[in-house]
Amino acid sequence: MRLVIARCSVDYAGRLSAHLPLATRLLMLKADGSLLVHSDGGSYKPLNWMSPPCSIEMSEPDEEQAVGGITEVWTVTQKKTQDRLIVSIHEVIADQTHDLGVDPGLVKDGVEAHLQQLLAEQIELLGDGHTLVRREYMTAIGPVDILARDDAGASVAVEMKRNANIDAVEQLTRYLELMNRDPHLRPVQGVLAAQTVAPQARTLAEDRGIRVLVLDYDAMRGIEGGHTRLF
């Protein structure tokens, strides 16, 4: 991961246009190619970002840009949409690169781990004809909770949560983008399985073609009165 603190301006060009005027910011360039632009505020949320798959080009400024004080230009292009994030750097204050190694992924709490086990044993809850391939299917960016196949033999990636929010949808989206590059897996359908799902997460999941499975923990453990719903 490369961390650069710099005085810069940022322009986003694509389906939407946005401009961040000149200020000191943190530029976070990750090994997966993504770039996040942070300020010293706003909690974890970046001011702007470009998600993978994307490419980055670092170039010298043209004559007009140099006159305006720009010393380097970063152009990050989203490979699917061709949207561009252009970072115009005026001054680099700090520049560090760190090798973080392979992340083991989020460690599930007891209930999430048990939900994963129960769904693996009751894989038919995903739909008639579904079969289990394996639990904890490892990818380059972490393990997918469950990999299954539907009745037509297509791959299904399942992300398990107790309470699913937008971050869960984003996490599953990253897995799906990576897995769909594998010719032995694609096309891969996503399923977000949780005891509760935030309305915003459901809306985002449906917009991205991800199914939502609401799990009843008691019913899956054989306690009467529960039900499981697939949307």
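Residues numbered from 1 in each chain as written. Predicted model: local features only at pLDDT ≥ 70, side-chain atom pairs only at ≥ 80, totals over all residues. Heavy atoms only, no water.

Engineer: If you had to explain the overall build of the chain to someone new, which residues and values would you point to?
Structural biologist: Along its length, the chain carries 5 helices and 13 strands. A fraction of 48% describes how many contacts in the chain between residues 6 or more apart in sequence connect residues 24 or more apart. Averaged over its 23 positive side-chain charges, the chain has a centre that lies 2 Å from the centre of its 33 negative ones. (Helix = DSSP H or I, 4+ residues; strand = E, 2+ residues; numbered from the N terminus. Contact = heavy atoms within 4.5 Å. Lys, Arg positive; Asp, Glu negative; His and termini not counted. Charge placed at Lys NZ, Arg CZ, Asp CG, Glu CD.)

Engineer: Could you give an account of the environment of Val10, naming the residues involved and the relevant values?
Structural biologist: Structurally, the position occupied by Val10 is in strand S1 (residues 2-13). Residue classification places Val10 among the buried positions, given a relative accessible area of 1%. For Val10 and Asn165, which are 155 residues apart along the polypeptide, the C-alpha to C-alpha distance reads 29 Å. Leaving out residues up to four positions away in the same chain, Val10 has contacts with Ala18, His19, Leu20, Val37, Leu85, Ile86 and Val87. (Buried < 20%, exposed > 50% of the residue type's maximum accessible area, 1.4 Å probe, protein only.)

Engineer: Explain the pairing of strand S8 (residues 131-139) to me, and be specific about the residues and the numbers.
Structural biologist: Where S8 meets strand S9 (residues 142-149), 7 bridges bridge the pair, whose relative direction is antiparallel. The residue of S9 that forms the bridge with Arg135 is Ile146. As consecutive antiparallel partners, S8 and S9 are separated by 2 residues. (Pairing = 2+ DSSP bridges.)

Engineer: So, unusual backbone geometry: which residues are in play, and what are the values?
Structural biologist: Glycine aside, negative phi is the norm for most residues, and most peptide bonds take the trans geometry. Along the chain, Pro52 connects to Pro53 via a cis peptide bond; the corresponding omega equals 5°. Looking at the secondary structure, you find Pro53 in the loop between strand S4 (48-50) and strand S5 (54-59). Here the amide bond leading from Arg186 into Pro187 is cis, since omega sits at 0°, within 30 degrees of zero. Its identity as a non-glycine residue notwithstanding, Gln82 has a phi of 65°, on the positive side. One non-glycine residue, Glu136, lies in the positive phi region at around 50°. Looking at where Glu136 falls in the secondary structure, it is placed in strand S8.

Engineer: Could you give an account of the sheet that holds strand S7 (residues 84-97), naming the residues involved and the relevant values?
Structural biologist: A sheet is described by the order of its strands in space; here 7 strands give the open sequence S4-S3-S2-S1-S7-S6-S5, paired in antiparallel fashion. Of all strands in the sheet, those bounded by a partner on one side alone are S4 and S5. Direction aside, the axes of adjacent strands within the sheet are offset by 30° on average. When strand S2 (residues 18-29) meets strand S3 (residues 35-38), the two strands line up antiparallel, connected through 4 bridges. (Axes fitted to C-alpha atoms, helices over the stretch in contact; angles between N-to-C directions.)

Engineer: Which residues make up helix H3 (residues 166-179), and what values go with them?
Structural biologist: Taking 1.5 Å of rise per residue, the 14 residues of H3 would be expected to cover 20 Å, and the 20 Å separating its terminal C-alpha atoms lies within 8% of that figure. Among the residues of H3, Ala168, Val169, Gln171, Leu172, Thr173, Tyr175, Leu176 and Met179 are the ones counted as buried. Those residues of H3 that are buried are in contact with S8, S9, strand S10 (155-164), strand S11 (188-197) and helix H4 (199-207). One side-chain oxygen at the N-terminal end of H3 lies 3.1 Å from the backbone nitrogen of Asp167; it belongs to Asn165. (Expected span 1.5 Å × (residues − 1). Polar contact = N/O pair within 3.5 Å; in protein donor to acceptor, adjacent residues only side chain to side chain.)

Engineer: Describe in detail the side chain of Asn48, supporting the description with residues and values.
Structural biologist: As for its position among the elements, Asn48 is in strand S4. Since its relative accessible area comes to 11%, Asn48 is described here as buried. When neighbours within four sequence positions are excluded, Asn48 is seen to be in contact with Tyr12, Ala18, Leu20, Leu35, Leu36, Val37 and Leu85.

Engineer: I'd like a rundown of the pairing of strand S6 (residues 72-78), residues and numbers included.
Structural biologist: Taken across its 7 residues, S6 has 6 buried, putting it largely inside the fold. Pairing geometry for S5 and S6, over 6 bridges, is antiparallel. Pairing of Ile56 across the sheet is with Val76, part of S6. The pairing of S6 with S7 spans 6 bridges and is antiparallel. Its bridge partner being in S7, Thr75 is matched across the sheet by Ile86. Counting the residues between successive antiparallel strands, the hairpin from S6 to S7 contains 5 residues, one of them, Gln82, with a positive phi of roughly 65°.

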